[in-house]
Amino acid sequence: MPAVFTHANGDAVFAFKSLIEMPRKEAALVAAVLVAAMGYTIIALEWLPHMTIIAAITALLAYGLSRGLKYEDMQQGMIAALSRSMGAVYLFFFIGLMVSALMMSGSIPTLMYYGFNLISPEYFYLSAFVLSSLIGVSIGSSLTTCATVGVAFIGMGEAFHANLAMTAGAVVSGAFFGDKMSPLSDTTGIAASIVGIDLFEHIRNMAYTTVPAWLLTALATGWLLPAAAAHDLNSTAVFREQLQASGLVHAYSLIPFAVLVVLAVRRVNAVVAMLATILSAVAVTYLHSSPNLATLGSWFYGGFKLEGGFEHIGRLVSRGGLESMFFTQAIVILGLSLGGLLFTLGIIPSLLDGVRHLLTSAGRATACVAATAIGVNVLIGEQYLSILLAGETFKPVYDKLGLHPRNLSRTLEDAGTVINPLVPWSVCGVFIAKTLGVAVLDYLPYAFFCYLSLLLTLVFGWTGVTLSRK
């Protein structure tokens, strides 16, 4: 078992053995070089985050060896960090299975079909926000929402001369609301698992900041933004027609969603709730189709595949499966290993020891977590790393302050997940700008939800409102 790192005053803070008593200036220099190198590989070289983290781990291992450490000891630190959060790896298996099940049963397609009825010509920007929110929660992917529903709204906006920057801002706001609040979202799962709390407990606690931010955004998009002279809603009509023609839209297909919501409200364990949802979804599937076991197996592994010429809804509906989770699971494993190595080498303990005299209140801790998550997003452009690094760094601080870890996971999303699309060179920013054809700096002023979430989490942190203790 790893030894516990303690401060000079004897307070146990880190559940890792710090192998080096690293001077603060050296720790700051190593951290700065590491962040700069990671930012360069992701932004300039366009590496996937996996390769960047692997390179960072390799560099730190080499640094440790040069300081006379044994590889086995450093590896033990990485394993210790990973073992504490292996629940995340298992969680994502079941998320992949559940997405496939909700697609094949028609649960998500049916929710989308009814959602497209929400579009109002009079309140075009509000409609874009609300529908993007609904689709985002349904599929758990902000980028997929932007690449499908978002593109449709941009097309409609061009048709009746709406402001495209306002349209993109509404879409981004809704898509990232869904990314935060959906149990199918990988960032939501990562934020919950990195601090060691139940997925649905995390989502319920996020509602304290997310729901007010959503309502304020709805008010802003509905009444502050000018009306668009909408006359043609053909784009959404095509979506509805293809969903209807797919044979997946049935009122009874919403039963699995009802099962998931009821079990979440009753605080049933996330994996147990997902298993019950999967079973009910498979049962519903056989009410309108009869897939054989071979087909079910392929859908659960590779994701549900909608056959036929459904080009408009194909990217929305053909999703899920174990395979779709491998990308995220690998990031979690590598990110946790990197965090463990940073602790083991004494880099994070040294930096935190330098500021621990400042971290004496919930407000200061919240501000530091938010600043770290935003800083990683700006310097590296990666939302996964902003959650993983900030979560791993500040969990001991929250433990020492007696704050429940769900406060930390909420701040990670409020300052990590939703800030990434506001950074022009970030992964989400580059993708959205390219997909929607609207520059990040153009839609940024109208992505109300993203910075309202950050503002509210800071306000609640300083005032103590909605913060819970152990």
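Given the structure is predicted, the values throughout are model-derived calculations rather than measurements.

Cut-off values and rules
- Along every chain, residues carry numbers that run from 1 in the direction the sequence is written.
- Reporting in this predicted model follows two pLDDT cut-offs: at least 70 for local features of residues, and 80 or more for side-chain atom pairs to be given and counted; totals over whole chains, interfaces and linings ignore these cut-offs and use all residues.
- Calculated side-chain values reflect all of the structure's heavy atoms, with hydrogen atoms and water omitted.
- Secondary structure elements are taken from DSSP: a helix is a run of H or I of four residues or more, a strand is a run of E of two residues or more, and numbering for both begins at the N terminus.
- Here the globule rule reads 2.2 Å times residues to the power 0.38, and the radius of gyration is calculated from C-alpha atoms.
- Three labels apply to residues, based on accessible area from a 1.4 Å probe with only protein chains included: buried if under 20% of the type maximum, exposed if over 50%, partly exposed otherwise in between.
- Axis lines are fitted through C-alpha atoms, for helices just across the contact stretch, and the angle between N-to-C directions can take any value from 0 to 180 degrees.
- Angles are sorted into four bins: roughly parallel if under 35 degrees, roughly antiparallel if over 145, roughly perpendicular if 65 to 115, and oblique for all others.
- Any two residues whose heavy atoms approach within 4.5 Å at even a single point are treated as in contact.
- Nonpolar residues are Ala, Val, Leu, Ile, Met, Phe, Trp, Tyr, Cys and Pro. Charged residues are Asp, Glu, Lys and Arg, and all others, Gly as well, are polar.
- For every residue, the predictor reports its confidence as pLDDT, a number between 0 and 100.
- Computed over the protein atoms alone on a 1 Å grid, cavities are sets of points where a 1.4 Å probe fits but cannot get out and pockets are open sets with protein on both sides within 12 Å along at least five of seven lines; a residue lines them when it has an atom within 4 Å of a point.
- Grid points are joined across faces, edges and corners, and a volume is the space filled by probe spheres set on the points.
- Ring geometry is summarised as follows: Phe, Tyr and Trp rings, the Trp one being its six-membered ring, pair when their centres sit within 6.5 Å, and such pairs are stacked at plane angles under 30 degrees, edge-to-face over 60 and tilted between the two.

S.K.: Teacher, can you tell me more about the overall build of the protein here?
M.R.: When helices and strands are counted, the protein shows 23 helices and 2 strands. Whereas a compact globule of 470 residues would reach a radius of gyration of roughly 23 Å, the protein reaches 23 Å, a difference of no more than 12%. Each principal axis of the C-alpha atoms in the protein carries an extent, and together these give about 65 × 50 × 40 Å. Here the protein, with 470 residues, has 57% of them falling under the buried criterion.

S.K.: Got a minute to help me understand the packing of helix H5 (residues 107-115) against helix H6 (residues 124-139) in this structure?
M.R.: Angle between the axes and distance between the axes: these two values describe a pair of packed helices. Across the interface, H5 lies against H6 with an axial gap of 10 Å and an inter-helix angle of 180 degrees. Here H6 runs roughly antiparallel to H5, going by the angle between their axes. Contact with H5, carried on its side by Ile108, Leu111, Met112 and Gly115, involves Leu131, Leu134, Ile135, Ser138 and Ile139 of H6 and no other residues of that element. Considering only residue class, the contact of H5 with H6 consists of 7 nonpolar, 2 polar and no charged.

S.K.: Can you walk me through the confidence of the model for the protein in this structure?
M.R.: Residues with a pLDDT of 70 or more make up 92% of the protein, whose mean pLDDT is 84. Every residue in residues 1-15 is under pLDDT 50, and counting partners more than four places away or in other chains gives 34 contacts.

S.K.: Can you help me understand the layout of surface pockets in this one?
M.R.: Once rolled over the atoms, a probe with the size of a water molecule shows which space is left empty. By volume, the largest pocket is sized at about 960 Å³. Taken together, 38 residues form the lining of the largest pocket, with Leu143, Phe327, Tyr384, Val427 and Phe431 sitting closest to its centre. Elements represented by at least two residues in the lining of the largest pocket include exactly helix H1 (24-44), helix H7 (142-159), helix H9 (186-195), helix H16 (326-344), helix H19 (383-401) and helix H21 (427-436). A breakdown of the residues in the lining of the largest pocket according to their chemical character gives 18 nonpolar, 14 polar and 6 charged. When its volume is computed, the second largest pocket comes out at roughly 570 Å³. As for the second largest pocket, its lining consists of 21 residues, of which Ala31, Val35, Leu351, Thr372 and Thr393 are closest to the centre. Listed by contribution, the elements that provide at least two residues to the lining of the second largest pocket are H1, H16, helix H17 (347-355), helix H18 (362-380) and H19. Per-element accounting of the lining of the second largest pocket gives the leading share, 6 residues, to H18. Here the residues of the lining of the second largest pocket are counted per class, giving 18 nonpolar, 3 polar and no charged.

S.K.: How do you make sense of the packing of aromatic side chains when you look at a structure like this?
M.R.: Two aromatic rings, taken as a pair, are described by how far apart their centres are and by the angle between their planes. Enumeration according to the criterion identifies 12 aromatic pairs in this entry. Arranged with centres 5.8 Å apart and planes meeting at 50 degrees, the rings of Tyr123 and Trp223 form a pair that is tilted. Residue Tyr123 is found in the loop between H5 and H6, and its partner Trp223 is found in helix H10 (residues 199-224); the two are separated by 100 residues along the sequence. Here Trp223 falls in the exposed class, since its relative accessible area comes to 56%. Members of the aromatic cluster, each reached through a chain of ring pairs, are Phe129, Phe177, Trp214 and Phe449.

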